[in-house]
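# Commentary on secondary and tertiary structure
Given next are the chains, with one letter for each unit.
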Amino acid sequence: MVDRRFGSALRQIIAILCLSGWVMFLTGCLLITGEQTTVSLQGSAANILTTFVSAEGADEYRVPALPPNTEVQAIVFLSVESGDVQLDLIQPDGAVSFVLASRPGAQVTRSGPIRSDDQGQIRYRLTARNARNGEVQIFLLP
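Worth saying up front: this structure is predicted, and the values here are computed from it rather than measured.

## Some thoughts on the overall build of the protein
- Looking only at helices and strands, one finds one helix and seven strands in the protein.
- Along its sequence from the N terminus, the protein presents helices and strands in the succession α-β-β-β-β-β-β-β.
- For the protein, with 142 residues in total, the buried portion stands at 34%.
- Just so you have it, the protein exposes about 8,400 Å², and 56% of that area is on carbon and sulfur atoms.

This is the structure in structure tokens:
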């Protein structure tokens with residue numbers, strides 16, 4: 001009788017641990033629907049535009065946009081109809097250059113310097129909570 005209860009309890013504990021692991025895995029992902037991204041390059045300048053219908057979670061993007069090790073001025077526009085979106089612009093060494101948080105129903109803007117990495121990529125992280133009908137635009141200017 002004790003063995004049967006122990007086996008049942010053990011199965012429940014294993015199920016809870018598996019479910020917890022799955023939840024932890026999903027919290028590191030950005031679930032995004034209706035995403036459309038375009039990247040327009042011209043010399044040492046770039047325009048990155050992403051629109052989406054809905055988004056939840058977090059993910060990091062790497063966009064090959066510039067010549068390697070190039071410092072530029074980044075101008076970021078962020079808008080969302082509802083929910084929350086945050087964009088972290090990340091330097092090649094992993095330091096955050098700046099953070100921009102959305103305000104539902106309004107467009108917010110921020111600018112600052114950013115450097116491309118050895119492969120000419122720009123890194124940014126998007127974090128979204130219940131976000132609907134959003135747009136992120138990043139201009140990279142010499």
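## Describing the environment of Pro92
- Note that Pro92 resides in the loop between β4 (71–90) and β5 (96–101).
- Assessed through its relative accessible area of 34%, Pro92 is described here as partly exposed.
- Residues Pro92 and Gln121, 29 residues apart in the sequence, show an inter-C-alpha distance of 8.6 Å.

## Some thoughts on the side chain of Ser116
- Relative to the helices and strands, Ser116 is located in the loop between β6 (107–115) and β7 (121–141).
- A distance of 2.9 Å separates a polar atom in the side chain of Ser116 from the backbone nitrogen of Thr70.
- Setting aside its immediate chain neighbours within four residues, Ser116 contacts Leu66, Pro67, Pro68, Asn69, Thr70, Pro92, Gln121 and Ile122.

## Here we look at the packing of aromatic side chains
- Tallied over the full model, the rule gives two aromatic pairs.
- Consider the rings of Tyr61 and Tyr124, whose centres lie 5.2 Å apart with planes at 10 degrees: the pair is stacked. With Tyr61 in strand β3 (residues 45–64) and Tyr124 in strand β7, this residue pair connects regions lying 63 residues apart in the sequence.
- Summarising the aromatic geometry, the rings of Phe77 and Phe139 are spaced 5.8 Å apart at their centres and angled 90 degrees between planes, so their arrangement reads as edge-to-face. Pair noted here: Phe77 is in strand β4 and Phe139 is in strand β7, with a separation of 62 residues, a long-range link.

## Observations regarding the pattern of salt bridges
- Using the criterion set out here, one finds six salt bridges in the structure.
- Notably, a salt bridge pairs Arg123 with Glu60, separated by 3.0 Å at the nearest N-O pair. Separated by 63 residues along the polypeptide, Arg123 in strand β7 and Glu60 in strand β3 bring together distant segments of the chain.
- Note on Arg123: relative accessible area 14%, which makes it buried.
- Linking Arg125 and Glu60 is a salt bridge whose minimum nitrogen-to-oxygen distance equals 3.9 Å. Residue Arg125 is found in strand β7, and its partner Glu60 is found in strand β3; the two are separated by 65 residues along the sequence.
- Look at the salt bridges and you will find they share partners, linking Glu60, Arg62, Asp88, Asp117, Arg123 and Arg125 into a network.

## Thoughts on the nonpolar core
- In terms of nonpolar packing, the biggest core is built from 29 residues, with Tyr124 and Leu140 touching the most fellow members.
- Going through the elements one at a time, β3, β4, β5, β6 and β7 are the ones with two or more residues in this core.
- When sequence neighbours within four positions are dropped, the list of residues in contact with Leu140 reads Ser44, Ala45, Ala46, Ile48, Ala65, Leu66, Val72, Gln73, Ala74, Ile114 and Ile122.

Conventions we followed
Residues numbered from 1 in each chain as written. Predicted model: local features only at pLDDT ≥ 70, side-chain atom pairs only at ≥ 80, totals over all residues. Heavy atoms only, no water. Helix = DSSP H or I, 4+ residues; strand = E, 2+ residues; numbered from the N terminus. Buried < 20%, exposed > 50% of the residue type's maximum accessible area, 1.4 Å probe, protein only. Areas by Shrake-Rupley, 256 points an atom, 1.4 Å probe, with all protein chains shown as cover. Polar contact = N/O pair within 3.5 Å; in protein donor to acceptor, adjacent residues only side chain to side chain. Contact = heavy atoms within 4.5 Å. Phe/Tyr/Trp six-rings, centres within 6.5 Å; stacked < 30°, edge-to-face > 60°. Salt bridge = Lys/Arg side-chain N within 4 Å of Asp/Glu carboxyl O. Core = buried A, V, L, I, M, F, W, Y, C linked by side-chain atoms within 4.5 Å.

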